Amino acid sequence: RCETCSEEEAKYRCPRCMKYSCSLLCVKKHKLALSCNGVRDKTAFVSVNEFTDLNLLSDYRFLEDVGRTADAAARHPTVHSPTTKKLLYCLRNKARRCNIDLRTLPIGFTKRRENSTTFNCMEKKFYWHLKLVFPHCHAEYTLKGVPDDKTLADILKPYIDPVESDPVVCQRLKIYTVSPQSDVQILMKIENRKQNSIRYNELDASRSLLDNLKGKVIIEYPTLFVVLKTLKNDMVVLGQDAREPAENSDSESSSLSSMEEGEIRDSS
């Protein structure tokens, strides 16, 4: 049966979330309800028992695509532009002075293309590119030009405040708007950890964005996860369910650090 209308016999299966649908209308409805793009996740985990020749071929093609993308990024003229390197160096340097470890990715990465974070030298203030994720509603929102002195509570008002939020957004995030503000928890993923040891920091909604980002590692721009304490989720908050400190043995983060050091030397 179709998992959207539960009336007709299913004819299609979404490559992304594996939901069954009976028609184009139901396909569109399920994409809207689950914020699903319908594109197969090439990096999804497949157990050894379920691994087939098709999975092997898919991985091989994925690695080929990665190689082509990396080669195209290396040839991009912006990579070798002194102006670009100088701007990125200045942005990281300003963040470092605020006790924020800001790291940037090479040209070609999606987050690098998306990032619109700037620093206003006159105001001595960051204007962040920010992503808000509401897991319980499968919703994501991207904000641009968020001043660093704005509190997290004010940032969330247009989304989950019963009075000030946009009616359309409020309806989609209804589970958040009807819940008490004391149940809302804002988390940010801790970088520099192993893939099988993902942990989150809890942020203070009453403090500014800058204060919450101090002492943390940020890859391109902050991504905040807004969850409800009363609902079960798989996000482990450091200091509550897990007491071990953030690890610095992640190979990906190490390679990013070495890459950035090389960029700084080139810029200087």
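Criteria and cut-off values
- Residues numbered from 1 in each chain as written.
- Predicted model: local features only at pLDDT ≥ 70, side-chain atom pairs only at ≥ 80, totals over all residues.
- Heavy atoms only, no water.
- UniProt positions renumbered as here; feature names shortened; annotations may be inferred.
- Helix = DSSP H or I, 4+ residues; strand = E, 2+ residues; numbered from the N terminus.
- Phe/Tyr/Trp six-rings, centres within 6.5 Å; stacked < 30°, edge-to-face > 60°.
- pLDDT = per-residue confidence, 0-100.
- Contact = heavy atoms within 4.5 Å.
- Disulfide = S-S within 2.5 Å.
- Buried < 20%, exposed > 50% of the residue type's maximum accessible area, 1.4 Å probe, protein only.
- Arc of directions from axis to C-beta.
- Polar contact = N/O pair within 3.5 Å; in protein donor to acceptor, adjacent residues only side chain to side chain.
- Pairing = 2+ DSSP bridges.
- Salt bridge = Lys/Arg side-chain N within 4 Å of Asp/Glu carboxyl O.
- Core = buried A, V, L, I, M, F, W, Y, C linked by side-chain atoms within 4.5 Å.

The protein carries the name Box C/D snoRNA protein 1 in an unreviewed UniProt entry, which gives Aptenodytes forsteri as its organism.

## Digging into the UniProt feature "domain: HIT-type" (unreviewed entry) in the protein
UniProt's feature table lists "domain: HIT-type" (unreviewed entry) at residues 2-36, given in the numbering used throughout. Counted over residues 2-36, helix gives 31% and strand 11%. Its end C-alpha atoms are 16 Å apart.

## Some words on the packing of aromatic side chains
Taken as a whole and judged by the stated rule, the model has 7 aromatic pairs. Cluster of aromatic residues (ring-pair linked, three or more members): Phe 134, Tyr 141, Tyr 159 and Tyr 176.

## Things to note about the confidence of the model for the protein
For the protein, per-residue confidence averages 80 on the pLDDT scale, and 82% of positions sit at 70 or higher. Every residue in residues 245-268 scores below 50 in pLDDT, and together they form 37 contacts with partners more than four places removed in sequence or on other chains.

## Some points on the state of the cysteines
Defined simply, a disulfide is a covalent bond joining two cysteines at their sulfur atoms. The full count for this structure, using the stated rule, is 0 disulfides. Summary of cysteine pairing: Cys 5 is not part of a disulfide, and the nearest cysteine sulfur, belonging to Cys 2, is at 3.7 Å. With relative accessibility at 26%, the residue Cys 5 sits in the partly exposed group.

## A word on the side chain of Arg 112
Looking at the element boundaries, Arg 112 is found in helix H4 (residues 110-114). Apart from residues lying up to four places away in sequence, Arg 112 is in contact with Leu 88, Thr 104, Leu 105, Pro 106, Ile 107 and Glu 220.

## Looking at unusual backbone geometry
Phi is positive for Met 18, which is not a glycine, with a value near 65 degrees. Inspection of the secondary structure puts Met 18 in the loop between strand S1 (12-13) and strand S2 (20-21). Positive phi, normally seen in glycine, also occurs at Lys 124, with a value near 55 degrees. Relative to the elements of secondary structure, Lys 124 occurs in the loop between strand S4 (118-120) and strand S5 (125-134).

## Here we look at helix H1 (residues 24-34)
Three or more residues of H1 are buried, namely Cys 26, Val 27 and His 30. One side of H1 carries all its buried residues, which in axial view fall inside an arc of 105 degrees. Turned more than 90 degrees away from the buried face of H1 sit Leu 24, Leu 25, Lys 28 and Leu 32, all of them exposed. Packed against the buried residues of H1 are S1 and S2.

## Focus on the environment of Glu 123
Tracing the chain through its elements places Glu 123 in the loop between S4 and S5. With a relative accessible area of 42%, Glu 123 lands in the partly exposed category. Side-chain polar atoms of Glu 123 contact the side chain of Tyr 127, separated by 2.4 Å.

## A short note on the pairing of strand S6 (residues 139-147)
Looking at chain direction, S5 and S6 are connected through 7 bridges and run antiparallel. Note that in S6 the partner of Phe 134 across the bridge is Ala 139.

## Details of the pattern of salt bridges
Summed over all chains, the structure comprises 9 salt bridges. Of the charged contacts, one joins Asp 149 and Lys 125 as a salt bridge, the two residues approaching to 3.3 Å between their closest N and O atoms. With Asp 149 in the loop between S6 and helix H5 (152-160) and Lys 125 in strand S5, this residue pair connects regions lying 24 residues apart in the sequence. When its relative accessible area of 18% is taken as the criterion, Lys 125 is described as buried. Linked through salt bridges whose partners overlap, the residues forming this network are Lys 42, Asp 65 and Arg 68.

## Digging into the nonpolar core
Counting residues in each nonpolar core, the largest one holds 33 residues, and the members touching the most others are Leu 132, Phe 134, Tyr 159 and Leu 173. At the level of secondary structure, the elements contributing two or more residues to this core comprise helix H3 (82-97), S5, S6, H5, strand S7 (184-189), helix H8 (209-213) and strand S10 (223-228). Beyond its immediate stretch of four places on either side in the chain, Leu 132 contacts Ala 139, Glu 140, Tyr 141, Leu 143, Ile 155, Leu 156, Tyr 159 and Leu 224. Core analysis: the second largest hydrophobic core is formed by 6 residues, Tyr 200, Phe 225, Val 227 and Val 237 among them.

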